[in-house]
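Residue strings, one per chain:
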Amino acid sequence: MRSLFNPSRMAHTGRSTARLGTLGVALLAAVPLSLPTPSAAATPPTTTSAPTATATATATATGLTVEEDRLAQAAPQEILRRSGFAVWPREFGRGLARMTTYPQARRYVETEGRALWRRAVDRAQGRGPAGGDLSRDDDRPLYWARLGMSKELRQWRPGFGLSASQRASLLAGLERGSRGQDSIELPAGKRLLRIVVTGFDPFQLDADPRRSNPSGAAALALDGTTIRTASGEPARIEAAVFPVRWADFARGTVERTLAPYFRRGPRQVALFTTISQGRPGRFDVERTNGAWRGGYPDNVRESRTETVPIPPGVPTVTPQPQWTTTSLPYARIVAAGTGPYPVVDHTAVTEIPVGGTAPVERPDGPTPGSTARAGGGGDYLSNEIAYRATLLRDAVWRPALPGGHLHTPVLEFGPGNTDPANGQVTDPVLVQNRLAITQQVREIVTVAADSARGAEAGTS
């Protein structure tokens, strides 16, 4: 399986289910308690700054997005059935049919998007019915149910006038709500550390629609939980997930989600960690992030090769830097012994040095004045979220805020279950490794939180 970090270089305390929307409450009662069990290298990046696109998000013959079209395949349908999430799109569509005004529809869509996120978090953390025999730690039901709901919304023809911009606004509200992006709830108080972690959707689904992303699973497992630092102090974790789509990042989805909690105030974060799937068999703490998009196709088969675009209106640094640097306590994390996988302080980048024209790999980070071609996390969206988050950290004048990017091991299916043409959607090895990765993410975040308390005390 390719990594999200760079396809061309791949070698508890929770919230109550009472907060679900009206549809969510009904579906919790309706889901069954059990169901029957039914790489090649990418093209190297070019040096052009012009974006290229191989497809657009909605340019399919069906009028749906590329991601929504994949719903018709057997694997997504089985994942939805075996988790109890197959009912969400159907019931959401029935609810849409009852909407009589745009404001009413907007409230409904936003409420039910948040309800889907909350149901996925609850399922991952052991609250409510499992809905089927698919393991609770699985991130995929959320992904496919969200697409089923967006498909219903895209095809909805209400009895009142609905403009294209209004439909787009409804779809955006569904996206934010069902990703946890607008329900980050960090309590105030000086004795509580506040932490934000982020994960990603599954990706490379044309090659294998069964794929899971351990970073998304970790986000669901950690959202709304409280951990204890070595000193015994509590730290609250809030989580969100992001799409594997270039266009969403260019529109500012990362900055819009994180900026309210990066700025100084009673609910400011003391630590942030963006997370994605990386190399096989190891965690990487990425030291340096680069301002370059390498062009590998995303989940809607769109390719972008350009400098990372900063949308207007978001806090940023001028002129835009080619590199940003982690402020995570990487030495402590690497030395801590957090779990079965080794953790690496990853320092390599690819640059065009001053006066040069060709990319050069540097094992120890960039040289002064160089142009980025790949950060430690590569030139795909995991590098980009790390670059955007750390650039935002610097833009709001919090350079000491501990934060950066963590790459998880690649999550692979067990032996004998690697062929998507005849393989099962899950197996014991997949589940065991996903659980181990999630637990080690929790331990790594706990180690980072210990250092974050000292950093916060030094700046308060």
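Every chain is numbered on its own, with residues counted from 1 as its sequence reads. Per-residue local features are limited, in this predicted model, to residues with pLDDT of at least 70; the limit for side-chain atom pairs, both in listing and counting, is 80 or more; totals at the level of whole chains, interfaces and linings are taken over all residues. In computing side-chain properties, one takes all heavy atoms of the structure into account and sets aside hydrogens as well as water.

1. Re the pattern of salt bridges
Filter applied, for reference: By convention in these notes, a salt bridge is any Lys or Arg side-chain nitrogen within 4 Å of a carboxyl oxygen on Asp or Glu. Secondary structure is summarised from DSSP: a helix means a run of H or I of at least four residues, a strand means a run of E of at least two, and numbering begins at the N terminus for each. Note on classification: 1.4 Å probe, protein chains only; a residue is buried when its accessible area is under 20% of the maximum for its type, exposed when over 50%, partly exposed between these limits.
A full pass over the atoms with the stated rule returns 34 salt bridges. Here Asp201 ties to Arg146 by a salt bridge, and the two come within 3.5 Å at their closest N and O atoms. Residue Asp201 is located in the loop between β1 (193-200) and α8 (214-222), and its partner Arg146 is located in helix α6 (residues 140-155); the two are separated by 55 residues in the primary sequence. Comparing Asp201 with Arg146 shows no difference in burial state: the two are buried. Two residues, Glu175 and Arg245, come together in a salt bridge whose shortest N-O distance is 3.0 Å. Of this pair, Glu175 sits in helix α7 (residues 164-178) while Arg245 sits in the loop between β3 (234-242) and α9 (246-250), placing them 70 residues apart in sequence. The residues Glu175 and Arg245 share a single accessibility class, namely buried. What you see here is one network of salt bridges that share partners, running through Glu67, Arg146, Glu175, Arg179, Asp201, Arg245, Asp248 and Arg251.

2. Quick look at helix α3 (residues 74-81)
Counted only if it meets this: Only heavy atoms matter for contacts: two residues are in contact if any of them lie within 4.5 Å across the pair.
When we look at burial in α3, the residues that qualify are Ala75, Pro76, Glu78, Ile79 and Leu80. Buried residues along α3 sit against α6.

3. A look at the sheet that holds strand β11 (residues 349-352)
What counts is decided by this rule: Being paired, for any two strands, means DSSP has found at least two bridges between them. Between N-to-C directions, angles cover 0 to 180 degrees, with each direction set by a line fitted to C-alpha atoms, over the stretch in contact for helices.
Taken in spatial order, the 3 strands line up as β12-β11-β13 in an open sheet, and their pairing is antiparallel. Each edge of the sheet is formed by a strand with only one pairing partner; in this case those strands are β12 (360-362) and β13 (371-374). The average angle at which neighbouring strand axes cross in this sheet is 40 degrees, direction not considered. Bridge analysis of β11 against β13 gives 3 bridges, and the strand direction is antiparallel. Within β13, the residue paired with Thr350 across the bridge is Ala374.

4. Quick word on the confidence of the model for the chain
We apply this condition: One confidence number per residue, pLDDT, is output by the predictor and ranges from 0 to 100.
For the chain, mean pLDDT is 89; residues scoring 70 or higher make up 86% of the total. Ignoring residues within four places in sequence, the model shows residues 24-56, a span with pLDDT below 50, making 75 contacts including any to other chains.

5. Structural notes on the environment of Tyr330
Within the secondary structure, Tyr330 is located in helix α11 (residues 330-335). Overall, Tyr330 belongs to the partly exposed group, its relative accessible area being 26%. Residues Tyr330 and Asp284, spaced 46 residues apart in sequence, show a C-alpha to C-alpha distance of 9.4 Å. Excluding its chain neighbours within four sequence positions, the residues that come into contact with Tyr330 are Val285, Arg287 and Asp345.

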